[in-house]
Amino acid sequence: MQKAGVAITESFGSQAEKSPSRQDVYRMFDRIASRYDLVNRLLSFGQDISWRKKLAELLPDRQSQSILDLATGTGDVLLSLVKYSKNIRYGIGLDMSAKMLAEARRKLPGSAISKNLSLVRADATSIPCCDNSFDVVTIAFGIRNVTDVKESLSEMHRVLNDSGKVLILEFSLPPNLLIRKLHLFYLRYLLPAIGGLISGDKEAYHYLNRTIESFPYGSDFLKLLDEAGFKSTKAHPLTFGVATIYEGEK
Ligand SMILES: C[S@@+](CC[C@H](N)C(=O)[O-])C[C@H]1O[C@@H](n2cnc3c(N)ncnc32)[C@H](O)[C@@H]1O
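Residues numbered from 1 in each chain as written. Predicted model: local features only at pLDDT ≥ 70, side-chain atom pairs only at ≥ 80, totals over all residues.

Side note on the overall build of the protein chain
Line of reasoning, step 1. Scanning the protein chain from N- to C-terminus turns up nine helices and seven strands.
Line of reasoning, step 2. Taken over 250 residues, the protein chain has a buried fraction of 42%.
Line of reasoning, step 3. Of the contacts made within the protein chain by residues no fewer than 6 positions apart, 73% connect residues no fewer than 24 positions apart. (Helix = DSSP H or I, 4+ residues; strand = E, 2+ residues; numbered from the N terminus. Buried ≥ 20, exposed ≤ 12 C-beta atoms within 10 Å, placed from the backbone. Contact = placed C-beta atoms within 7 Å.)

Details of the site of the ligand
Line of reasoning, step 1. Inspection of the region around the ligand gives 21 residues, with Ala71, Gly73, Ser97, Ala124 and Ala140 positioned closest.
Line of reasoning, step 2. Mapped by element, the contributors of at least two residues to the shell around the ligand are helix 2 (20-43) and helix 4 (76-84).
Line of reasoning, step 3. A per-element tally of the shell around the ligand places helix 2 first, with four residues.
Line of reasoning, step 4. A breakdown of the residues in the shell around the ligand according to their chemical character gives 11 nonpolar, six polar and four charged. (Near = placed C-beta within 6 Å. Nonpolar A, V, L, I, M, F, W, Y, C, P; charged D, E, K, R; others polar.)

Re helix 7 (residues 177-199)
Line of reasoning, step 1. Across its 23 residues, helix 7 extends 31 Å between first and last C-alpha, which sits within 8% of the 33 Å expected from 1.5 Å per residue.
Line of reasoning, step 2. The largest bend in helix 7 amounts to roughly 40 degrees and is located at leucine 190, with the proline proline 192 lying one to four residues further along.
Line of reasoning, step 3. Among the residues of helix 7, His183, Leu187, Leu191, Pro192, Gly195 and Ser199 are the ones counted as buried.
Line of reasoning, step 4. Phi for glycine 200, located one or two positions after helix 7, is positive at around 80 degrees. (Expected span 1.5 Å × (residues − 1). Bend = angle between axes of the 7 residues up to and from the residue.)

Some remarks on the sheet that holds strand 6 (residues 231-238)
Line of reasoning, step 1. Taken together, the seven strands give an open sheet; going across it, the order is 3-2-1-4-5-7-6, and neighbouring strands pair in mixed fashion. Whereas interior strands pair on both sides, the edge strands pair on one side only; in this sheet they are strand 3 (117-121) and strand 6. Recorded for the sheet is a direction-independent mean angle of 15 degrees between the axes of neighbouring strands.
Line of reasoning, step 2. Direction of pairing for strand 6 relative to strand 7 (residues 243-249): antiparallel, over a ladder of six bridges. By the bridge assignment for strand 7, leucine 238 is matched with alanine 243. (Pairing = 2+ DSSP bridges. Axes fitted to C-alpha atoms, helices over the stretch in contact; angles between N-to-C directions.)

Notes on the environment of glycine 241
Line of reasoning, step 1. Looking at where glycine 241 falls in the secondary structure, it is placed in the loop between strand 6 and strand 7.
Line of reasoning, step 2. It is 9.3 Å that separates the C-alpha atoms of glycine 241 and isoleucine 179, two residues lying 62 residues apart in sequence.
Line of reasoning, step 3. Residues contacting glycine 241, with those up to four places away along its chain left out, are Ser172, Leu173, Pro174 and Pro175.

Here we look at helix 4
Line of reasoning, step 1. Summarising burial for helix 4: seven of the nine residues are buried, a large majority.
Line of reasoning, step 2. Listing the buried residues of helix 4 in full gives Asp76, Val77, Leu78, Leu79, Ser80, Leu81 and Val82.
Line of reasoning, step 3. Next to the buried residues of helix 4 lie helix 3 (47-57), strand 1 (65-70), strand 2 (88-95), helix 5 (98-107), strand 3 and strand 4 (134-140).

As for the packing of helix 7 against helix 8 (residues 202-214)
Line of reasoning, step 1. Helix 8 packs onto helix 7 with a crossing angle of 150 degrees between their chain directions and a minimal axis gap of 7 Å. Here helix 7 is positioned roughly antiparallel relative to helix 8, judged by the angle of their axes. When the axes of helix 7 and helix 8 are compared, the crossing they make is right-handed. Across the interface between the two elements, Leu187, Arg188, Leu191, Pro192, Gly195, Gly196 and Ser199 from helix 7 touch Lys202, Ala204, Tyr205, His206, Leu208, Asn209 and Ile212 from helix 8.
Line of reasoning, step 2. When its residues are assigned to classes, the contact of helix 7 with helix 8 shows seven nonpolar, five polar and two charged. (Parallel < 35°, antiparallel > 145°, perpendicular 65-115°, else oblique. Left-handed = near helix turned anticlockwise from the far one by under 90°.)

Any functional reading would require information that these geometric values do not contain.
Below is the structure:
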């Protein structure tokens, strides 16, 4: 189905307002936006930077690419993609949280390529862009947060052009039982305590561990990508499997 316009600056509207749970997720990110980057760096021991770099390495080897980064948050994926790839013509970052986007906007002007990047407030399950408009769609630590994962994957498929690629970075659980046990201890007890202390919002970091433990990963997530119509799907586990990059082609 065709949707109107590529870059609409305030397209978030009544449809999302109707769903209280969806509202709660982005409101939670509104609350922690100013401390989000700091907490991210600390809680991932800086690993999030190398995971986003790996995402950039998986960009297709084509010149002049258009990128849509969903759940862009404070914009770190967009910024690292343009840092590590010379092949990006323009990029759009989309998110529902106005405060996360405000943090992203603050970071963009410092970058030489900021004129090629724009930010849109919208819902990743109802992307306000035309069919076949992007070479690449990315989403990092965002697919776990949308209320309708299948709808969001189907939207990603719709807005990608025919040779387009989706790259999804998301938390997962390590396959090694000992490492998994240690990681679950970290997720359940240390992460909410440290995250809560720094951000002032312990509940947000309890939410993080609950959603990580319940979200499909590995072959289960690849199945969702296949069902959404993506081809040549692959999973790239990172750091003992605590995060995974999934890729697929339209
Ligand atoms: C954990 S942050 C990830 C931010 C960024 N991608 C990164 O790598 O740091 C998740 C983001 O998803 C956004 N979000 C949640 N539900 C969304 C939706 N339905 N549509 C768009 N963004 C959404 C939140 O506002 C938040 O900024």
